[in-house]
Amino acid sequence: MWGVIKSVLAAFLGVQRDQQRREDFERGSPLAFIVTGIVMGVLLVAIIALVAFLAAG
Amino acid sequence: MRTLLVWLAGGLALVGSSQVALARGWNMPVGVTDLSGEIYSLHMIIFWICVVIGVVVFGVMFYSLFRYRHSQGAKAANFHENTTVEIIWTTVPLLILVGMAVPATATLQKIYDPSDAELDVMITGQQWRWRYEYLGEDVAFNSNLATPRAQIRGEEERGEHYLLEVDEPLVLPINRKVRFLFTSDDVLHAWWVPELAVKQDTVPGFVTENWVQINEPGIYRGQCAELCGVDHGFMPVVVHAVEEDEFDAWLVERQEMAAEEAMGVDRDWEMDELMERGEGVYGSICASCHQPEGQGAPPAFPALAGNEELIAGIEWHKDVVINGVSGTAMPAFRTTLNPVELAAVITYTRNAWGNDTGDAVQPAEIAERLAQ
């Protein structure tokens, strides 16, 4: 699970180790990455919204 | 030590050149409001960040090109990736962007806060003039280009403020927060005065806000900044910022003028009075399309001189001026002009240039029609 999260974070930044990429493709199903990606995408938007909300006072 | 001196000299030269750029008017102005100064500082901070990035990036590039050139036997390195370097060159720009966003957002918040204004001015863009309405003060007027057409056509020497002069400037007090409400009667325009750091689109059907608090009395000039048709370049903005007591006196004077004008609606006007008034209104409002001698510019702008439809139909004529003609360039003037001005300009166009109908349209009649 931690490996999936790390890969999704790397995708957010747009930089990934070649070795890690090979390992990810050996998992077979992309489902875990898609679900984690969506959840973390929503989380990112929520964090930005929270920061904006706090900054606006 | 020598390298340090070279860098110091280079830095001083850059700062010096930016001062020259400011003095020559190549840079954006510092302006005359607290916010315009803040926007200028923001612009300069981001400019210098860009300069540093540019110097570093191109410095590394040119140094590498020179130091590792082929003629000196340099060999290309062949490797697939370097995750550490990639992460650094991704996060550094991210941090720079966030660093720039923090002060920029703080300024934006101030720009978008028009609360606690002491004066509200409605600014309406029209093809091709600005209309200013001091809300709740019973003062409203149109601000038209004052540059003579002869200068535009090149028949006369251009004046000092060529295309940046108006018949009625927007008068504002210094040291008071003034809220602007922007809208448009026809197409997109943009009210832009660089010294006030205000550049706001005016959108038909929407009201947008902005505000100023001017620190220095003076005359500030600007232009329409959104392409709005054939006379886009002929609708400048002129703002007269005056001392507070001077502004209060001006406002009272304009209120008295407006009250006097309102009284004029009830009385009967002589033909000569209507013609004289109408000629002035025609010159500032109608002549840019229908031309000074009423000859028009067909097919877009029909001739008024000798126009059969106009001569035959007085009611139709009134309706066209008051309500405009949908689907054409003819706007409705029911809010732009007051009943006296409407009556005068209709009378003028019915009797000038050989349209000798003899009709005198009374302001009272127009006022009644507007009230319906």
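Here the residue index of a chain counts from 1 through its sequence in written order. Each chain takes a letter, starting from A, and each ligand takes a number, starting from 1, following the order in which they are written. Reporting of local features is limited, given that this is a predicted model, to residues whose pLDDT is at least 70; pairs of side-chain atoms are given and counted only at 80 or more, and all residues count toward the totals for whole chains, interfaces and linings. For the side-chain quantities, the full set of heavy atoms in the structure was used; hydrogens and water were omitted.

The name an unreviewed UniProt entry assigns to chain B is Cytochrome c oxidase subunit 2, from the organism Billgrantia zhangzhouensis. Database annotation for chain B, UniProt heading Function (unreviewed entry): "Subunits I and II form the functional core of the enzyme complex. Electrons originating in cytochrome c are transferred via heme a and Cu(A) to the binuclear center formed by heme a3 and Cu(B)." UniProt positions are given in the numbering used here, feature names are shortened, and annotations may be inferred rather than shown by experiment.

Per an unreviewed UniProt entry, chain A goes by the name DUF2970 domain-containing protein and belongs to Billgrantia zhangzhouensis.

### Examining a nonpolar patch on the surface
Without a salt bridge and with relative accessible area above 30%, a residue can belong to a patch; like charges are then joined within 9 Å and nonpolar side chains (Val, Leu, Ile, Met, Phe, Trp, Tyr) within 5 Å. Accessible areas in this description were obtained via Shrake-Rupley with a 1.4 Å probe; residue shielding takes into account the shown protein chains only. For this document, the term salt bridge refers to a Lys or Arg side-chain nitrogen within 4 Å of an Asp or Glu carboxyl oxygen. Taken together, the side chains of Ile53(B), Val57(B), Phe58(B), Met61(B), Phe62(B) and Leu65(B) define a hydrophobic patch exposed on the protein surface, amounting to about 570 Å² of accessible area. Runs of E in the DSSP output that reach at least two residues are strands. Runs of H or I that reach at least four are helices, and both are numbered from the N terminus. Relative to the assigned elements, Phe58(B) resides in helix H2 (residues 34-67).

### Observations concerning the sheet that holds strand S8 (residues 208-212) of chain B
All names here are of chain B. Sheet architecture is open: five strands sit in the order S3-S2-S1-S5-S8, paired in mixed fashion. Two strands in the sheet have a free side with no partner beyond their single neighbour: strand S3 (139-143) and S8. With strand direction ignored, the average angle separating the axes of adjacent strands in the sheet is 25°. Following DSSP output, two strands are said to pair if at least two bridges run between them. Sheet analysis places strand S1 (residues 119-126) next to strand S2 (residues 129-134), joined by six bridges and oriented antiparallel. Only C-alpha atoms enter the line fits that serve as axes; for helices the fit covers just the stretch in contact. Angles between N-to-C directions range over 0 to 180 degrees.

### Digging into the domain arrangement of chain B
Where each domain begins and ends is defined by an automated method or by a domain database. Domain annotation of chain B identifies domain 1 (20-68 + 82-111), domain 2 (119-261) and domain 3 (265-371). Its C-alpha centre places domain 1 of chain B at a distance of 55 Å from the equivalent point of domain 3 of chain B.

### Looking at the pairing of strand S7 (residues 198-202) of chain B
All names here are of chain B. Burial status follows relative accessibility: with a 1.4 Å probe on protein chains alone, a residue under 20% of its type maximum counts as buried, one over 50% as exposed, and anything between as partly exposed. Burial along S7 is one-sided: Val198, Gln200 and Thr202 are buried, while Lys199 and Asp201, pointing the other way, are not. Relative to S7, strand S6 (residues 189-193) runs antiparallel, the two being bridged by five bridges. Residue Trp191 lies in a different strand from S7, and its bridge partner there is Gln200. Counted along the chain from S6 to the antiparallel partner S7, the turn is four residues long, and its residue Ala197 has a positive phi close to 55°.

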